[in-house]
Amino acid sequence: MMAQKILVVDDEREIRNLMEIYLKNEGFCIIKASNGIEALNILDRNDICLVILDIMMPKMDGIETCIRIRKTKNMPIIMLSAKGEDMDKILGLTTGADDYITKPFNPLELIARVKSQIRRYTKLNAVYNPKIEKTIEIDDLSINTDTHEVIVGDKIVNLTKREFDILKLLAENRGMVFSTEKIYESVWKEGFYDSYNTVMVHIRKIREKIEQNPRKPKYIKTVWGVGYKIEKAL
């Protein structure tokens, strides 16, 4: 199962890193942002299950960010602030936040609140969103065939449609060797006419994005004189 993604938005790097350590230990995938504008851009490109949002930030504060998120998204939002006055809590909650934690916070309390909000959200939305996304997991590589999202470790990888389709083809048929001709015909949906270089270039680009060392690929293997494959077991 692909790890649930939490967006941590705080202008203090130490706070972001601290939350990342504790939440990753609980199995979550953490994406970090230092301000509201960056957070909104991330939300447009990713399937986030919960947002931890600091109030006091440059460029766009947490209140404005929360208001904008709520225009299109309904995932849980936990507000985070050094201020503890009741009016700050009320303002955060009335703009769309689901919970509020005051700095300095107990990391164990943060984890408990995160899990509680995710359970609540999942339960309330199960009847409205019964679809289960299909995810292929190969060691540290996760491929969501519904959302076309690819993650290596905790890093989101941006692939073009052709690159994704090639990776998906190999991942769904692990152990099978696909010739350059077969890959082209399966992905491009047209006849193969001296398109070796086209496929090779796409394979090289995929490796550059998902492999730690593209020259010694871990995932996409070359079977010399035959084609490409992803091993059944890594």
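The structure contained in this document is the topic of the report that follows. (Residues numbered from 1 in each chain as written. Predicted model: local features only at pLDDT ≥ 70, side-chain atom pairs only at ≥ 80, totals over all residues. Heavy atoms only, no water.)

**Describing a nonpolar patch on the surface**
What counts here: Each patch is built from residues that are more than 30% exposed by relative accessible area and take part in no salt bridge. Like charges join if they lie within 9 Å; nonpolar side chains (Val, Leu, Ile, Met, Phe, Trp, Tyr) join within 5 Å. All accessibility values rest on the Shrake-Rupley procedure with a 1.4 Å probe; residue burial counts only the protein chains present in the view. Put simply, a salt bridge is a Lys or Arg side-chain nitrogen that is within 4 Å of an Asp or Glu carboxyl oxygen. Helix and strand assignments come from DSSP, with helices taken as H or I runs of at least 4 residues and strands as E runs of at least 2, each series counted from the N terminus.
A grouping of Leu-18, Ile-21 and Tyr-22 is seen on the molecular surface, where their side chains present a nonpolar patch of about 250 Å² in accessible area. Secondary-structure assignment places Ile-21 in helix α1 (residues 13-25).

**Things to note about the packing of helix α2 (residues 36-45) against helix α3 (residues 62-70)**
This is how the line gets drawn: Interaxial angles span 0 to 180 degrees and are taken between N-to-C directions of axes, which are lines fitted to C-alpha atoms, for helices over the stretch in contact. The cut-offs work like this: below 35 degrees is roughly parallel, past 145 is roughly antiparallel, 65 to 115 is roughly perpendicular, and the gaps in between are oblique. Should the near helix be turned counterclockwise from the far one by less than a right angle, the crossing is left-handed, whereas a clockwise turn marks it as right-handed. Should any heavy atoms of two residues lie within 4.5 Å, those residues are counted as being in contact.
Packing of α2 against α3 leaves a shortest axis separation of 9 Å and a crossing angle of 20°. Between α2 and α3, the angle falls in the class roughly parallel. Here the hand of the crossing between α2 and α3 comes out right-handed. Between α2, through Gly-36, Leu-40 and Leu-43, and α3, the contact on the second element is made entirely by Thr-65, Arg-68 and Ile-69.

**Looking at the sheet that holds strand β6 (residues 135-138)**
Quick reminder of the rule: Strand pairing is assigned whenever DSSP detects at least two bridges linking the two strands.
What the four strands build is an open sheet, ordered β6-β7-β8-β9; its pairing is antiparallel. For this open sheet the edge positions go to β6 and β9 (155-157), each flanked by a neighbour on one side alone. When the angles between neighbouring strand axes are averaged without regard to direction, this sheet yields 20°. Relative to β9, strand β8 (residues 149-152) is paired through three bridges, and the arrangement is antiparallel. Looking across to β9, one finds that Val-152 is bridged to Lys-155.

**Some details on the pattern of salt bridges**
Rules: Each residue is placed in one exposure class: buried if its accessible area under a 1.4 Å probe, protein chains only, is under 20% of its type's maximum, exposed if it is over 50%, and partly exposed if it falls in between.
One pass over the full model with this rule turns up 18 salt bridges. Residues Asp-10 and Lys-103 are paired through a salt bridge, measuring 2.9 Å at the closest nitrogen-oxygen approach. Here Asp-10 is found in the loop between β1 (5-9) and α1, whereas its partner Lys-103 is found in the loop between β5 (99-102) and α5 (107-125), with 93 residues between them in sequence. Residue class for Lys-103 comes out buried when judged on its relative accessible area of 12%. Put simply, Arg-120 and Asp-98 hold a salt bridge, and the shortest N to O gap is 3.9 Å. Residue Arg-120 is found in helix α5, and its partner Asp-98 is found in the loop between α4 (86-94) and β5; the two are separated by 22 residues along the sequence. Three or more residues are tied together by salt bridges with common partners; here these are Asp-10, Glu-12, Asp-54 and Lys-103.

**Focus on α2**
Inclusion rule: Read the arc as the range of directions from the helix axis to the C-beta atoms. Polar contacts, as used here, are pairs of N or O atoms within 3.5 Å; protein pairs need one atom able to donate a hydrogen and one able to accept it. Residues neighboring in sequence count only if both atoms are side-chain atoms.
Taken as a whole, α2 has its buried residues at Gly-36, Ala-39, Leu-40, Ile-42 and Leu-43. The buried side chains of α2 occupy one side of the element, clustering within an arc of 160° when seen end-on. Exposed side of α2, more than 90 degrees from the buried face: Asp-44 and Arg-45 are the residues found there. Buried residues along α2 sit in contact with β1, β2 (29-33), β3 (50-54) and α3. The N-terminus of α2 is capped by Asn-35, whose side-chain oxygen sits 3.1 Å from the backbone nitrogen of Ile-37.

**Regarding unusual backbone geometry**
With an omega of -10°, the peptide bond between Lys-103 and Pro-104 qualifies as cis. With a phi angle near 70°, Lys-59 is a residue other than glycine that sits in the positive phi range. Mapped onto the fold, Lys-59 is located in the loop between β3 and α3. On the basis of relative accessible area, Lys-59 is assigned to the exposed category, the value being 72%. The backbone phi angle of His-148 is positive, close to 60°, even though this residue is not glycine. Among the structural elements, His-148 can be located in the loop between β7 (141-144) and β8.

**Thoughts on the environment of Lys-205**
With respect to the element layout, Lys-205 can be found in helix α8 (residues 196-210). The spacing of Lys-205 and Leu-159 is 46 residues in sequence and 8.8 Å in space, taken between C-alpha atoms.

**Observations regarding the nonpolar core**
Let me state the cut-off plainly: Nine residue types can take part in a nonpolar core, namely buried Ala, Val, Leu, Ile, Met, Phe, Trp, Tyr and Cys, and a core is a set of them joined through side-chain atoms within 4.5 Å.
Ranked by size, the top nonpolar core spans 27 residues in total, and within it Leu-141, Leu-167, Ile-210 and Ile-220 carry the most contacts. Counting only elements with at least two residues in this core, the list comes to β6, β7, β8, α6 (161-172), α7 (180-188), α8 and β11 (227-230). Top contributing element to this core by residue count: α6, with six residues. Ile-48, Met-57, Ile-63 and Ile-69 belong to the second-largest nonpolar core, a separate cluster that totals 22 residues.

Shape is all these values report; function is a separate question.
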